[in-house]
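Below are the chains, spelled out letter by letter.
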Amino acid sequence: MNTPVAALSRVESERLIRNPAVWVAFALTGWWLGVAMWGGPSIGSQPLTKYMLLLGYGFAVPGLVLFVAVVFAVLRGRMEHTEELLGTLAVGNDRRSVAHALANLGPAVVVMLTMLVMLAVIRPGASLGTDFDIDGVGAIDIPRPTVAQMLQGPVALLAFTTLAVALVRWIPTWLVIVPTPFFLIVQVAFFGLFVGTATSSANWLGVGGFLAHGVVNDEWVGCGEFDRRCDLPVSGFDRVTPWWHLGYLVALAFLFGAIAVLRHRRDVRTWSAFGLGLAAAVSLAVVQATTFQSFGTP
């Protein structure tokens, strides 16, 4: 397809991929992979580190850098005082929003390729090892993530960067990036790597972000001043809900793209796209919230 929108999205995608800051961020992902394979100051055990990497948590920093890069890409015309001139071109603000949203597919493909490299290096078997010492039960196997879980990293990044397009279209200032690091810390630390909150629908609906770890656990046991125990009961890993969650992320990416376009074009087709994305996101959210695996006696 050789259209102005396709050409612009290709150019913007190449700019994002060639950004040196993005490659520095991906180098940190490579460092974390090295820690998981050969030891170092990892967060948690090595099996758990490998598990989190394959879920996409290793792309948190590249995601943040790409978010910032997308914000400045969309604001380029305003910051260079060429917004009015660009408005006279055949590709107006609405179609440029579509192009910026589609440009995010390029970095998502890079994340996908990086994930394949991770798989080649880790070479995961049916089990990644054991972790989660449970009082009176012992350790449990950490299974290899499902295809849906390994795809959530690229798709979550696509949704996250498309959110950047929507935000900066409706709030045209670089200040939208200010709360993003806090958002990222909440996602990675409290809803991801920590794995320390009881399983609930919030884990799947992206309250802390877009990634979900799938660990099925209960509240902490002990951890008090007069209780030497401090255990996190874990009954297993949810292998079904990740498929619904993957569709939910796709729906969010589509919805955010439609919201971005609505800033400058509000015809029947755009409203229909918005309605379709919203209906899909809400429906898949309801499915996740009502069918996720809850804690049970392991």
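As shown above, the structure is provided for reference.
This section reports on the structure supplied with the text.

Each value, and the rule that gives it
Residues numbered from 1 in each chain as written. Predicted model: local features only at pLDDT ≥ 70, side-chain atom pairs only at ≥ 80, totals over all residues. Heavy atoms only, no water. Helix = DSSP H or I, 4+ residues; strand = E, 2+ residues; numbered from the N terminus. Buried < 20%, exposed > 50% of the residue type's maximum accessible area, 1.4 Å probe, protein only. Contact = heavy atoms within 4.5 Å. Areas by Shrake-Rupley, 256 points an atom, 1.4 Å probe, with all protein chains shown as cover. Salt bridge = Lys/Arg side-chain N within 4 Å of Asp/Glu carboxyl O. Expected span 1.5 Å × (residues − 1). Bend = angle between axes of the 7 residues up to and from the residue. Axes fitted to C-alpha atoms, helices over the stretch in contact; angles between N-to-C directions. Parallel < 35°, antiparallel > 145°, perpendicular 65-115°, else oblique. Nonpolar A, V, L, I, M, F, W, Y, C, P; charged D, E, K, R; others polar. 1 Å grid on protein atoms, 1.4 Å probe; cavity = no way out; pocket = protein on both sides within 12 Å on 5 of 7 lines; lining within 4 Å. Points joined across faces, edges and corners; volume = space filled by probe spheres on them. Core = buried A, V, L, I, M, F, W, Y, C linked by side-chain atoms within 4.5 Å. Arc of directions from axis to C-beta.

Once that is clear, we can look at the overall build of the protein chain. The helix and strand inventory of the protein chain stands at 13 helices and six strands. Looking at the protein chain residue by residue over its 298 residues, the buried ones come to 48%. The contacts in the protein chain between residues at least 6 apart in sequence include a share of 71% that link residues at least 24 apart. Taken as a whole, the protein chain presents about 14,200 Å² of accessible surface, with 67% of it coming from carbon and sulfur.

Here we take up the pattern of salt bridges. Considering all chains together, one arrives at five salt bridges under this definition. As a salt-bridge pair, Arg-76 and Glu-12 come within 2.8 Å of each other at their nearest N and O atoms. Taken together, the positions of Arg-76 in helix 5 (residues 76–79) and Glu-12 in helix 1 (residues 4–18) put the pair 64 residues apart, joining distant regions of the chain. Between Asp-267 and Arg-265 there is a salt bridge, with its nearest N and O atoms 3.6 Å apart. Asp-267 gets classed as partly exposed once you look at its relative accessible area, which sits at 31%. Since its relative accessible area comes to 21%, Arg-265 is described here as partly exposed. Each member of the salt-bridge network shares a partner with another, and the members are Glu-12, Arg-15 and Arg-76.

Attention now goes to helix 9 (residues 147–170). Compared with the 34 Å implied by 1.5 Å per residue over 24 residues, the 35 Å span of helix 9 between its first and last C-alpha is a close match. Of all the bends in helix 9, the largest measures some 35° and sits at Gly-153, one to four residues before the proline Pro-154. Of all 24 residues that make up helix 9, 20 are buried, and the element is covered over most of its length.

Let us now look at the packing of helix 7 (residues 93–103) against helix 8 (residues 105–122). Between helix 7 and helix 8, whose axes approach to 5 Å, the crossing angle comes to 5°. One finds that helix 7 runs roughly parallel with respect to helix 8. Across the interface between the two elements, Ala-101, Leu-102 and Ala-103 of helix 7 pack against Leu-105, Gly-106 and Pro-107 of helix 8. Partitioning the contact of helix 7 with helix 8 into residue classes produces five nonpolar, one polar and no charged.

Our focus in this paragraph is the layout of surface pockets. Space left empty within the atom packing is revealed by a probe, the size of a water molecule, rolled over the atoms. Roughly 470 Å³ of internal volume is contained in the largest pocket. Forming the boundary of the largest pocket are 17 residues, of which Val-98, Leu-102, Phe-254, Gly-257 and Ala-258 lie nearest the centre. The set of elements that each furnish at least two residues to the lining of the largest pocket consists of helix 7, helix 9, helix 12 (241–262) and helix 13 (268–291). Here the lining of the largest pocket gets five residues from one element, more than from any other, and that element is helix 12. Among the residues making up the lining of the largest pocket, the classes are represented as eleven nonpolar, three polar and three charged.

Take the nonpolar core next. Tyr-51, Val-71, Met-118, Phe-210 and Leu-252 are the most contacted members of the largest nonpolar core, which has 64 residues in total. With 13 residues, the top contributor of residues to this core is helix 9.

Now for helix 1. Between its terminal C-alpha atoms helix 1 stretches 21 Å, which fits the 21 Å expected from 15 residues at 1.5 Å a residue. Val-5, Ala-6, Ser-9, Glu-12, Ser-13 and Leu-16 are the residues of helix 1 that are buried. Looking down the long axis of helix 1, one finds its buried residues gathered within 135° of arc, a one-sided arrangement.

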